[in-house]
Each structure stands twice: as structure tokens, then as C-alpha cells.
Amino acid sequence: MSRVLVVAKAPVAGRVKTRLGADIGLDAAAEVAAAALLDTLHACAEAFPEGRRHLALAGDLAPAVRGAELQEALAGWDVFAQEGDGFAERLVHAHTVVAGRGDGAVVQIGMDTPQVTPALLRDAVEALGEPGDPDARDGVLGPADDGGWWVLCLRDGRAAAPLATVPMSTPTTYDDTWRALEAAGLRLTTTAVLTDVDTVTEADEVAALAPHGRFAEAWRRLRAT
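### Regarding the overall build of the chain
- Looking only at helices and strands, the chain has eight helices and seven strands in total.
- Against the compact-globule benchmark of 17 Å for 225 residues, the chain has a radius of gyration of 17 Å, which places it among compact chains.
- Taken along the three principal axes of its C-alpha coordinates, the chain extends 55 × 35 × 35 Å.
- Residue burial in the chain is summarised as follows: out of 225 residues, 51% are buried.
- Sequence separation of 24 or more characterises 70% of the internal contacts of the chain that already satisfy a separation of 6 or more.
- Accessible area of the chain: about 9900 Å², with a carbon and sulfur share of 50%.

Okay, here's the thing in C-alpha cells:
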């Protein structure tokens, strides 16, 4: 059975969504980041049972926006601190930790796609195929429309090691990640394209796509002020 790994920052003003915060203010950016993380956690909790949910967290939830609500949503989750120099190394560390805590594929996402659904997460796992099938794959990489990626599903989380050399948050991160994993011998496939929320336009789009979520509610409240 597969496991989910969320890699996220505690939503503290000035530490999350700073690009969006340049337009809407850092406090407001932390509010929508908290809502996005809550939507993500709830989608994961619907798709994966207790004992197979992991969060690699940067920062502390105690002073975070909606910190108490986030801690409640994380009941039954395995929460551990991110480690490493730079985001790429932190990703590798997180995958390695989760792979060492049980069997099954590791499905890793961030907190920038609050429109994610349990079905999309399950689709990423199913795209791996069954072990022993000649068409089975070692990894699934889901593109984001800004050139990055929103999900990485690996049959063996330890296979994330090549990510350490990939420049993150660039217009070619998806392509660079694909090449690095393929060069390491992994057979890959892809899944749905999603929009990361980094700008006002992207936030408008995602809120419209998932109008009943916590992110959409927070975004509408912000836009109404």
C-alpha cells in the first residue's frame, strides 16, 4: 500500500508565499497558504489511511496562521522536520525518511495545489502499474503549468536521490527532474497537469477550479476586502 508525503512550510507571515505576498501582503499570503495546506492535508487524509500519512515540515506550527486547526488536521500523521541545504536536498531527505518507515510507493506533493483531490492522488499511484507488469513504471511525475511539478510518486522513495542535483523553482524543473531520474535508470510516466499558486492570477484560477475548498473561501474573503 502506498504512502503520502507532504512537504510544506509552516504558514508564518514572511516565510511562505512571498511572491504572492509582494502583491497582497505577507499576512494575507500566510492566510491563503494556511488554507491551501489544510485543503491539501484533507485531500491526503481521504486518499490514504492513518499510518500512511507523512508531513516533512519546515518551521513550527505553534505561531503559524491557523496553527491549532492544522495541528488538529494532523492528528494521526507522522510529522518530522525537513533537513538539508536547499529544497532539493530536503526533498531527498524526506523521501528517504518515509521510505524507511514502511513499505509501498511514496506519493509526494507540496502545499501549492489546494485543488488536489483524492482521485488525483490515487491516479498518480495507479499510473505506476503493477509490479512485474512489463509496462510498470518506477516513478510518476505530474507537471505544473509553470514548468515545475506538483507530484512525484516513486515505487521506492530511496530513488529520489537524483533530485539533489536538480535546480528547483525554475521554468525547467519538470524537465530537469525527469532527465535526472531517467538518467538514474528509472522508468517514468506522467499524470495530470495542475496549476501552482504563486500569483494573483493563479490564485483566481485555482479558487474557481475548487470553489468549495478552504483556499477558495480564504481567497474570496481576501478579494472582497
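The rest of the description comes next.
### Notes on the pattern of salt bridges
- On inspection of all chains with the given rule, the structure shows ten salt bridges.
- Arg158 is paired through a salt bridge with Asp156; the nearest N and O atoms lie 3.4 Å apart.
- With relative accessibility at 49%, the residue Arg158 sits in the partly exposed group.
- A single network of salt bridges, built from pairs that share partners, joins Lys17, Asp112 and Asp198.

### Details of the packing of aromatic side chains
- Considering all chains together, one arrives at two aromatic pairs under this definition.
- When the ring of Tyr174 is compared with that of Trp178, the centres are 6.0 Å apart and the planes differ by 45 degrees; the resulting orientation is tilted. Of the two residues, Tyr174 and Trp178 are both situated in helix α6 (residues 173-183); the distance of four residues between them amounts to about one turn of the helix.
- On the basis of relative accessible area, Tyr174 is assigned to the buried category, the value being 15%.
- Taking the centre distance of 6.3 Å and the plane angle of 5 degrees together, the rings of Phe215 and Trp219 count as stacked. Taken together, the residues Phe215 and Trp219, both in helix α8 (residues 214-224) and four residues apart, mark about one turn of the helix.
- By relative accessible area, Trp219 is classed as buried at 2%.
- Positioned above the aromatic ring of Phe80 is the side chain of Arg101, whose terminal nitrogen or guanidinium carbon lies 5.1 Å from the ring centre.

### Brief notes about the sheet that holds strand β5 (residues 139-143)
- A sheet is described by the order of its strands in space; here seven strands give the open sequence β3-β2-β1-β4-β6-β5-β7, paired in mixed fashion. Looking at the sheet topology across the chains shown, the edges are occupied by β3 (78-81) and β7 (188-190). Going from strand to strand, the sheet's axes swing by 20 degrees on average, the running direction of each strand aside.
- Two elements, β5 and β7, share three bridges in a ladder whose sense is parallel. Bridge pairing in β7 links Val140 to Thr189.

### Points about the packing of helix α2 (residues 26-47) against helix α5 (residues 118-126)
- In contact at an axis separation of 8 Å, α2 and α5 are set at 60 degrees when each is read in the N-to-C sense. As far as their axial angle goes, α5 and α2 are oblique. When you trace α2 past α5, the crossing you get is right-handed. Here Ala43, Cys44, Glu46 and Ala47 of α2 come into contact with α5, specifically with Pro118, Leu121 and Arg122.
- A breakdown of the residues in the contact of α2 with α5 according to their chemical character gives five nonpolar, no polar and two charged.

Thresholds, definitions, all that
All residue numbers here refer to positions counted from 1 along the written sequence of the relevant chain. In view of the model being predicted, local features appear only for residues whose pLDDT reaches at least 70, and side-chain atom pairs are presented and counted only at 80 or more, with totals across whole chains, interfaces and linings using the full set of residues. Water and hydrogen atoms play no part in the side-chain values, which are based on all heavy atoms of the structure. Only DSSP runs of H or I covering at least 4 residues are called helices, and only runs of E covering at least 2 are called strands; the numbering of each starts at the N terminus. All radius of gyration figures rest on C-alpha atoms, and the globule criterion is 2.2 Å times the number of residues raised to 0.38. Relative accessible area decides the class of each residue, using a 1.4 Å probe on protein chains only: under 20% of the type maximum gives buried, over 50% gives exposed, and in between gives partly exposed. By definition in these notes, contact holds between two residues if any of their heavy atoms fall within 4.5 Å. Each accessible area value is a Shrake-Rupley result obtained with a 1.4 Å probe; residue values ignore everything except the protein chains displayed when judging cover. Salt-bridge detection follows one rule: a side-chain nitrogen of Lys or Arg within 4 Å of a carboxyl oxygen of Asp or Glu. Within 6.5 Å between ring centres, the rings of Phe, Tyr and Trp (the latter by its six-membered ring) count as paired, and their orientation is classed by plane angle as stacked under 30 degrees, edge-to-face over 60, tilted in between. We call a charge positioned above a ring when the Lys NZ or Arg CZ atom is no farther than 6 Å from the ring centre and deviates by at most 35 degrees from the ring normal. Should DSSP find at least two bridges between two strands, the strands are taken to pair. Interaxial angles span 0 to 180 degrees and are taken between N-to-C directions of axes, which are lines fitted to C-alpha atoms, for helices over the stretch in contact. Here the angle decides the label: under 35 degrees means roughly parallel, over 145 means roughly antiparallel, 65 to 115 means roughly perpendicular, and every other value means oblique. The crossing is said to be left-handed when, going from far helix to near helix, the turn is anticlockwise and less than a right angle, and right-handed when the turn is clockwise. Charged residues are taken to be Asp, Glu, Lys and Arg, nonpolar residues to be Ala, Val, Leu, Ile, Met, Phe, Trp, Tyr, Cys and Pro, and polar residues to be all remaining types, Gly included.

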